[in-house]
Amino acid sequence: MSQIMNTSVASRIDPKPVSDTLLADLDLVDAEMESAFDNLTSLTRTVLDVPVALISIVQPGLDRQYFKSHVGLPAYWALARQTPLSHSFCQHVRAKGGPLIVPDARKHPMLKHNRAIEALNVVAYLGMPITLPDGTCVGALCANDDAPRDWTNEEQQKLHQLALCVNEQIALKFALRTAEAAKTEAEDAAQAREDFLAHMAHEIRTPLNGIIGSMDLLSDELDKSDQSTLVPELLRTMDSSTQGLLRTLNDSLDLSKIDAGKLDLENRPFDLRAAVVDVIALHRASAECKGVKLIVEASDTENGALRLGDEYRLRQVLGNLLSNAVKFTDEGTIHVRLEAKPNTISATVTDSGCGMLPEQLTEVFSAYSQADHSVARRKGGTGLGLPIVKRLIALMKGQITVHSAPGKGSTFTTKVPMPVAKDLDTQDLQRAKIATAFAGKRALVADDSPVNRMVLIRMLESMGAEVVSAHNGKTALSHALSDTFDALFVDIRMPDMTGDQIARTLRSREKSGSLTTAPKLVAVTANVFPEHIATYLDAGFDHCLAKPIRRADLCALTER
């Protein structure tokens, strides 16, 4: 080992350059003293019985060596914590990336003129390289003596082991920096994804609100008069199509909510037959366009008995299974079997499509994954449909199984608990309840979108309300402070004043006593992430309505 250590200082190699920014990020230069490193320099001085021990980081570009840790230095250099390279032996350790043994620097051909001999009283020197995790040498752990000294093999070995301890401390700092950078990158990516989804939701929900709301109102008007049966049928088709578009948007949002444990199921009565008919109608045209026959067998779905559960999520499950079957079936049939028992609903969707290999089946319910990537490129899709189905079935405490073979198609079977509902209002009673939900009430609608404003006004008026409108936040606040209302429906995003600002102002006036009557405040928004809703409620809103809005949603407000 001593033979290697005595390699001439003159036989250097150009070391790998090290970024000064990286050294600063690791707190190896221009940083506070650290006990982990100070303990090692103190131990070095004690073990080797020397007056001075240093951990020196060499920065050729700055013409300096920086003392990450030091013990025994003269006061001036201890305070400065650095020297120019004209006062450095450690630069030679870094230059060759290996140990340096100097019994008497005054007699050394390369070091006898080094100013460290006089300024720092360095006569004998023993230095071991300290490195980054990739092996790049950045400086030295050194022991200095003020008198000539023959360094023994044992002393060299001890300093080598201590240098390895310094390297381990540097590696820990590097690992922490890497972990923090990865965490920041992941948080930035998650925030960017959330911002994108929120923006996408807002941009898509706003036009959908006008379409769906207008159809809802038009359907109500058609119920009051004798019209051609074609018009209601077209409206139902339009309604189903827009709901399909909305479902595409919600798929991406729902998966995030489910994985975060923030998706809640509703437990309301619904018409199972109508739900099944609508879902089948939505996908029948797509199947027929491909020449695929869609066969439906339903047991006990025609008797009109209402079921208790989350109708929307059941539609979502059936719709995603059918959409998947249509997508991967180019010829043959898709067979849907539905069985409604007193407490459960079972559905089996069998297709004659391309099928899957056993190893592909293991990934079929994984998010953003499709069984065959070549098929995925041809067929398209996000890969979210089946993962959402799996998670929704689990939320509903049901079961789902899949059987498939290449060239023989696939069969998905689901079973969910949805019992028959008892003692419920009929649909006629529900319509009557909607028509009078806001009878005798005064409402203020504030939205900078003329379409959204018009739709909500017409809905509330059809439910018996007297409505005043405002096209921006300041006008809405002025109306709210000077007039009396039972409810305020306020859009969150308005350019001059946000809904949050309006709510906080009104609640502040209410607390001070300058606002004698306190209307119900309802936030109307396309941003419906749980954290968004929490901020609305914190601002003072009583309720939150997600765009697009139906009259049933407004009616539900009166029942809370």
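Here is a short report on the structure shown in this document. (Residues numbered from 1 in each chain as written. Predicted model: local features only at pLDDT ≥ 70, side-chain atom pairs only at ≥ 80, totals over all residues. Heavy atoms only, no water.)

1. Here's the deal with the overall build of the chain
Helices and strands together make up the secondary structure of the chain, namely 19 helices and 18 strands. A burial count over the chain gives 47% of its 560 residues as buried. Considering only contacts in the chain between residues 6 or more positions apart, those separated by 24 or more positions represent 69%. With the model as given, the accessible surface of the chain reaches about 27,700 Å², and the carbon-plus-sulfur share is 53%. (Helix = DSSP H or I, 4+ residues; strand = E, 2+ residues; numbered from the N terminus. Buried < 20%, exposed > 50% of the residue type's maximum accessible area, 1.4 Å probe, protein only. Contact = heavy atoms within 4.5 Å. Areas by Shrake-Rupley, 256 points an atom, 1.4 Å probe, with all protein chains shown as cover.)

2. Quick notes on the packing of aromatic side chains
Within this structure, the stated rule accounts for four aromatic pairs. For the ring pair phenylalanine 89 and tyrosine 125, a centre distance of 5.3 Å and an interplane angle of 70° mean the geometry is edge-to-face. Here phenylalanine 89, found in the loop between β3 (82-83) and α5 (90-96), pairs with tyrosine 125, found in strand β5 (residues 124-131); they are 36 residues apart in sequence, far enough to count as distant. The burial state of phenylalanine 89 is the same as that of tyrosine 125; both residues are buried. Look at phenylalanine 438 and phenylalanine 489: their rings are 6.2 Å apart centre to centre, the planes differ by 65°, and that puts the pair in the edge-to-face class. Taken as a pair, phenylalanine 438 in the loop between α14 (427-435) and β14 (442-446) and phenylalanine 489 in strand β16 (residues 487-491) lie far apart in primary sequence, 51 residues in all. Overall, the relative accessible area of 6% leaves phenylalanine 438 in the buried class. (Phe/Tyr/Trp six-rings, centres within 6.5 Å; stacked < 30°, edge-to-face > 60°.)

3. Here we look at the pattern of salt bridges
Pairs can form between side chains of opposite charge once their charged atoms are near each other. This structure, assessed with the given rule, holds 20 salt bridges. A salt bridge links arginine 442 to glutamate 466, with the shortest nitrogen-to-oxygen separation between them at 3.4 Å. Taken together, the positions of arginine 442 in strand β14 and glutamate 466 in strand β15 (residues 466-470) put the pair 24 residues apart, joining distant regions of the chain. One continuous salt-bridge network, built from bridges that share partners, spans Glu34, Lys68 and Lys173. (Salt bridge = Lys/Arg side-chain N within 4 Å of Asp/Glu carboxyl O.)

4. Focus: the side chain of arginine 313
Tracing the backbone through its elements, the reader meets arginine 313 in helix α10 (residues 311-327). Within the structure, arginine 313 has its side chain in polar contact with the side chain of glutamine 316 (distance 2.6 Å). When residues no more than four places from it in sequence are discounted, the contact partners of arginine 313 are Asp254, Leu263, Leu265, Leu392 and Met396. (Polar contact = N/O pair within 3.5 Å; in protein donor to acceptor, adjacent residues only side chain to side chain.)

5. A word on the sheet that holds β16
Read across the sheet, five strands follow the order β15-β14-β16-β17-β18 without closing on themselves; strand pairing throughout is parallel. Two strands bound the open sheet, and with one partner strand each, they are β15 and β18 (543-546). For this sheet the average axis-to-axis angle between neighbouring strands, irrespective of direction, equals 20°. Note: β16 against strand β17 (residues 520-525), five bridges, orientation parallel. Its bridge partner being in β17, aspartate 491 is matched across the sheet by valine 524. (Pairing = 2+ DSSP bridges. Axes fitted to C-alpha atoms, helices over the stretch in contact; angles between N-to-C directions.)

6. Some words on the state of the cysteines
One pass over the full model with this rule turns up zero disulfides. The thiol of cysteine 142 is unpaired, and the distance to the nearest cysteine sulfur, on cysteine 90, comes to 3.8 Å. (Disulfide = S-S within 2.5 Å.)

7. Examining the nonpolar core
Leu314, Ile334, Val336 and Phe412 are the most contacted members of the largest nonpolar core, which totals 39 residues. Elements with a minimum of two residues in this core: α9 (272-289), α10, β10 (333-340), β11 (344-351), α13 (385-395), β12 (399-405) and β13 (409-417). Among the elements that make up this core, the one with the highest residue count is α10 (seven residues). In terms of nonpolar packing, the next biggest core, distinct from the first, is built from 28 residues, Leu28, Leu132, Leu159 and Leu162 among them. (Core = buried A, V, L, I, M, F, W, Y, C linked by side-chain atoms within 4.5 Å.)

8. Some points on the environment of methionine 463
Assignment of secondary structure puts methionine 463 in the loop between α15 (450-462) and β15. Accessibility expressed as a relative area gives 0% for methionine 463, which makes it buried. Sequence separation between methionine 463 and arginine 551 is 88 residues, and the spatial gap between their C-alpha atoms is 8.1 Å. In this view, methionine 463 contacts Ile434, Ala435, Thr436, Ala437, Phe438, Ala439, Arg551, Leu554 and Cys555; residues no more than four positions away in its chain are not counted.

9. Structural notes on the sheet that holds strand β2 (residues 64-71)
If you trace the six strands from one edge of the open sheet to the other, you get β3-β2-β1-β6-β5-β4, paired in antiparallel fashion. Sheet topology places β3 and β4 (100-102) at the edges, where each strand pairs with a single neighbour. Relative to β3, β2 runs antiparallel, the two being bridged by two bridges. When the sheet's bridge partners are listed, tyrosine 66 is paired in β3 with glutamine 82. Where helix α3 (residues 35-48) meets the sheet, it contacts β1 (52-59), β2, β5 and β6 (137-145), and its direction lies at approximately 75° from that of β2.

10. Some details on the packing of α10 against α13
The interhelical angle for the contact between α10 and α13, taken along N-to-C directions, is 145°, at an axis separation of 9 Å. Once α10 is placed against α13, the crossing between them reads as left-handed. Mapping the contact onto sequence places Arg313, Gln316, Val317, Asn320, Leu321 and Asn324 in α10 and Gly385, Leu386, Ile388, Val389, Leu392 and Ile393 in α13. Across the contact of α10 with α13, the residue classes tally to seven nonpolar, four polar and one charged. (Left-handed = near helix turned anticlockwise from the far one by under 90°. Nonpolar A, V, L, I, M, F, W, Y, C, P; charged D, E, K, R; others polar.)

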